[in-house]
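Single-letter residue listing:
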Amino acid sequence: MPVTNNNNASQAKKGPNVQKGPGTKSTKAPSKKKDEDEAVDMGDGLDEWSPGKLLKPADQLELTEAELKEEITRVLTANNPHAPQNIVRYSFKDRSYKAISVVDQLAIHFVLEGSLLHQDSDEARRWRVKEGLAEENKTSETGEESDEDHAETVATPVEDGGEVEEAGEDDRPDSTVSKTDKEELKLKNQFNFSERASQTLNNPFRERRCQTEPPPRSNFSSTANQWEIYDAYLEELQRQEKNKEKQKAPQLKKDGEKMKRKVMLMETQSDDISRVGKASKIFERMVNQNTFDDIAQDFKYFEDASDEFRDQEGTLLPLWKFQYDKAKRLSVTALCWNNKYQDLFAVGMGSYDFTKQGHGMLIFYSMKNSAFPEYIYPTTSGILCLDIHEQHSYLVAVGFYDGCVAVYNLKVEGVEPVYKSTAKTGKHTDPVWQVRWQSDDMDNNHNFYSVSSDGRVVSWTLVKNELIFTDIIRLSVNGAMSEGSDGAQLPSIACGTSFDFHKQIDYLFLVGTEEGKIHKCSKTYSSQVLETYDAHTMAVDAVKWNHFHPKVFLSCSSDWTVKIWDHTINSPMFTVDLSAGVGDVAWSPYSSTVFAAVTTAGIVHVFDLSINKYEAICQQPVVAKKKTKLTQIDFNPIYPVIIVGDDRGHVTSLKLSPNLRKKPKSKKGQDLPKGPEVEVAKMEKLLSLLREPEKIPV
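Definitions and limits used
Residues numbered from 1 in each chain as written. Predicted model: local features only at pLDDT ≥ 70, side-chain atom pairs only at ≥ 80, totals over all residues. Heavy atoms only, no water. Helix = DSSP H or I, 4+ residues; strand = E, 2+ residues; numbered from the N terminus. Buried < 20%, exposed > 50% of the residue type's maximum accessible area, 1.4 Å probe, protein only. Contact = heavy atoms within 4.5 Å. Areas by Shrake-Rupley, 256 points an atom, 1.4 Å probe, with all protein chains shown as cover. Pairing = 2+ DSSP bridges. Axes fitted to C-alpha atoms, helices over the stretch in contact; angles between N-to-C directions. pLDDT = per-residue confidence, 0-100. Salt bridge = Lys/Arg side-chain N within 4 Å of Asp/Glu carboxyl O. Lys, Arg positive; Asp, Glu negative; His and termini not counted. Polar contact = N/O pair within 3.5 Å; in protein donor to acceptor, adjacent residues only side chain to side chain.

Asker: Help me understand the overall build of the protein, please; the structure alone is not making it clear to me.
Answerer: Broken down by element type, the protein carries 11 helices and 32 strands. Counting over 698 residues, the protein shows a buried share of 33%. Looking at the protein alone, contacts between residues at least 24 apart form 49% of all its contacts between residues at least 6 apart. Just so you have it, the protein exposes about 48,400 Å², and 53% of that area is on carbon and sulfur atoms.

Asker: What's the story with the sheet that holds strand 28 (residues 603-608) in this structure? I'm lost.
Answerer: Each strand in a sheet pairs with another by means of backbone hydrogen bonds, the pair being arranged parallel or else antiparallel. Read across the sheet, 4 strands follow the order 26-27-28-29 without closing on themselves; strand pairing throughout is antiparallel. Each of the sheet's edge strands pairs with one partner strand only, and the pair in question is strand 26 (582-587) and strand 29 (618-621). Taken pair by pair, the neighbouring strands of this sheet meet at an average axis angle of 15 degrees, ignoring direction.

Asker: How should the sheet that holds strand 22 (residues 540-545) be read in this particular structure?
Answerer: The strand order 22-23-24-25 describes an open sheet built from 4 strands, whose pairing is antiparallel. Each edge of the open sheet carries a strand with a single partner, namely strand 22 and strand 25 (574-577). The sheet shows a mean angle of 15 degrees between the axes of neighbouring strands, taken without regard to direction.

Asker: Even after reading the chapter, I still don't get the confidence of the model for the protein, so can you show me in this structure?
Answerer: Do not read the predicted coordinates in detail wherever pLDDT is low. Residue-level pLDDT values for the protein average 77, and 76% of them are 70 or greater. When mean pLDDT is compared element by element in the protein, strand 9 (residues 395-400) scores highest at 92, while helix 1 (residues 2-14) scores lowest at 42. In the model, residues 38-43 has pLDDT below 50 throughout and makes 3 contacts with residues more than four positions away in sequence or in other chains. Low pLDDT, under 50, characterises residues 151-171; the stretch is placed with 22 contacts to residues that sit more than four places away or in other chains.

Asker: What's the story with the pairing of strand 9 in this structure? I'm lost.
Answerer: Remark: a regular strand shows side chains that alternate across the two faces of the sheet. Taken across its 6 residues, strand 9 has 6 buried, putting it largely inside the fold. Of the two faces of strand 9, the one lined by Leu395, Ala397 and Gly399 and the one lined by Val396, Val398 and Phe400 are each fully buried. For strand 8 (residues 383-388) and strand 9, the ladder comprises 5 bridges, and the chain directions are antiparallel. For Ile383, the partnering residue across the bridge sits in strand 9 and is Phe400.

Asker: What should I look at first to understand the pattern of salt bridges in this one?
Answerer: A side chain with one charge may pair with a side chain of the opposite charge, provided their charged atoms come close. The tally for this structure, following the rule as stated, stands at 13 salt bridges. In this structure, Arg456 engages Asp454 in a salt bridge whose closest nitrogen and oxygen atoms are separated by 3.7 Å. For the pair Arg456 and Asp454, a shared accessibility class is recorded, and that class is buried. One connected set of salt bridges, linked through shared partners, spans Asp454, Arg456, Asp471 and Arg474.

Asker: Looking at this structure, I do not really get the side chain of Lys655. What am I missing?
Answerer: Assignment of secondary structure puts Lys655 in strand 32 (residues 651-656). Of the buried charged residues, Lys655 lacks a salt bridge, with Glu303 as the closest side chain of opposite charge at 4.0 Å. A polar side-chain atom of Lys655 sits 2.7 Å from the main-chain carbonyl oxygen of Phe302. Non-local contacts of Lys655, meaning those with residues more than four positions away in its chain, are made with Asp298, Phe299, Lys300, Tyr301, Phe302, Glu303, Thr315, Leu316, Leu317, Leu319, Pro640 and Arg661.

Asker: Is there a simple way to explain unusual backbone geometry in this structure?
Answerer: Of all residues except glycine, most have a negative phi; of all peptide bonds, most are trans. Residue Arg95 is not a glycine yet carries a positive backbone phi of 60 degrees. For Arg95, a relative accessible area of 70% puts it in the exposed group. Positive phi is not limited to glycine here, since Asn444 has a value of about 60 degrees. On the secondary structure map, Asn444 appears in the loop between strand 12 (432-438) and strand 13 (447-452). In this structure Asn444 comes out as exposed when scored by relative accessible area, which is 61%.

Put into structure tokens, the structure is as follows:
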């Protein structure tokens, strides 16, 4: 009995490979028949998929031979049609959401995670060691089991030899079962088309979100009661009644209130604009310099190459044109460069038509921005002259048509002058034609001089908050007397129109009059003039001392002439007729023999006495319209640029060509001396040719 139990246990453990009981034969035979039938059926199905037979769907489209031979080209791209095109992400730099231009076009269809390891890697060695231990344990267990099985098989008797034969038939490779297994492997046909379906992994959708700080919120609530509505109606009625009372008030009060409102609006607007004023000015300059870049390049680098073929003549190259819309109807009555900031110049606006006098304007322009003025000071009376202090470039002295003089400080905000003369403080009774700053007095107070048609030359001193005047001289016509109210003989007054102070001798100055005479005066002698020159037949428009030679000065007049004088001689050294009224003249700051003049015909004349004593080396019209008259001219102290003003409120800047600022050529191996002494010698050489030879005593 114990042996029989062991056999049953071994049969349960080993399964079908062990000898079976007598009942198992009947179940094995039908299964073998079923497999053979299935093999025969599958062999019949293969005939349908054989290459000789083609299956044609019922709804297949029938094509002609030409359509079948037609080649259809398909272009495959790597773009993913399902890729989103509207992805936005938050940019912390710009603080806004921005669309992403680069979209990921990769689509993953199949992913297989492999377990291959390199045989020389550390991980492979650890895996081998681990697998070796597992195999040893397994072999030890299988060895024990095989011993037990061998013992059981020996102890178990063979009851039926048929089963052994049956088992042998199963183990033989040439049995019918193994043949059917091999035929089943041949069913895989990779050449005939068969529809197959496979399921791939879909890419997971991802959502990205960003949380921002919500905008601040505030809750407001109020109740509207009957009495609150009633109070609101009462306030509205009171406001309407006040408006009716204001409308009934006099027109003067209404105008005053309008002015106050305008002032308040201007103040509030100026407060808002002042915050970005500096930045907007810089930005405006950048825009204008980009817009007029070609003019800036000409100003800096252009030199007229055609001067080499013109012998001694030159040209003027137009640069920037300065104009202000609110000053179109005014004439340019004064021009002055700033000595500290060489790109800045002041323009005085007024009118020479004395039947149409009105307001004026003081404007500062910069060559860095020709589109709009840097400073604007509107005035109630027309400006006829101005001058900028040489050391303190923010102080500007101005003379008006109504006889007042004023001083503007560019550092002080506002449009009103810091100093202004009145009738109590000795203002002129006629238009002020010229003002000039002088060196400070003994108490270090700033002072300037003015000349007017009332015949007075006045010194003005800036003391604290007021102007203190001192009459230097009263001009009179020599020999002409007029009777006073009591019958006394009074000298008739000469009307001063221009004056200029000597560059080296501080006390010496010249005054031009409406009678066409020029008086040489001194600050120390207030009773009489030192000398009088019969210069012109009409009013002297300008008189200018030479920058280099101490004896030479220049004058111009509406009698069409420009004259050059030696103040030690009563007659002019040179006289030039320009065939039109001369508005202004100016000496050049770089040469003692070069000067320029403007005429009412709109032409600029440039002379160089060392080259040609009789004709101008440049005559060029610079106005667009024929009726436009040129009124003022001035040389830049550093750059080869002049500015001219006309009676339409326009200022034009012009660049001198190389022939107009030519320096004498040095001979080989000889260095020419430089400095003001050379310019003095050049002018002295010209004057020596014109002076009468001195009588040599015998």
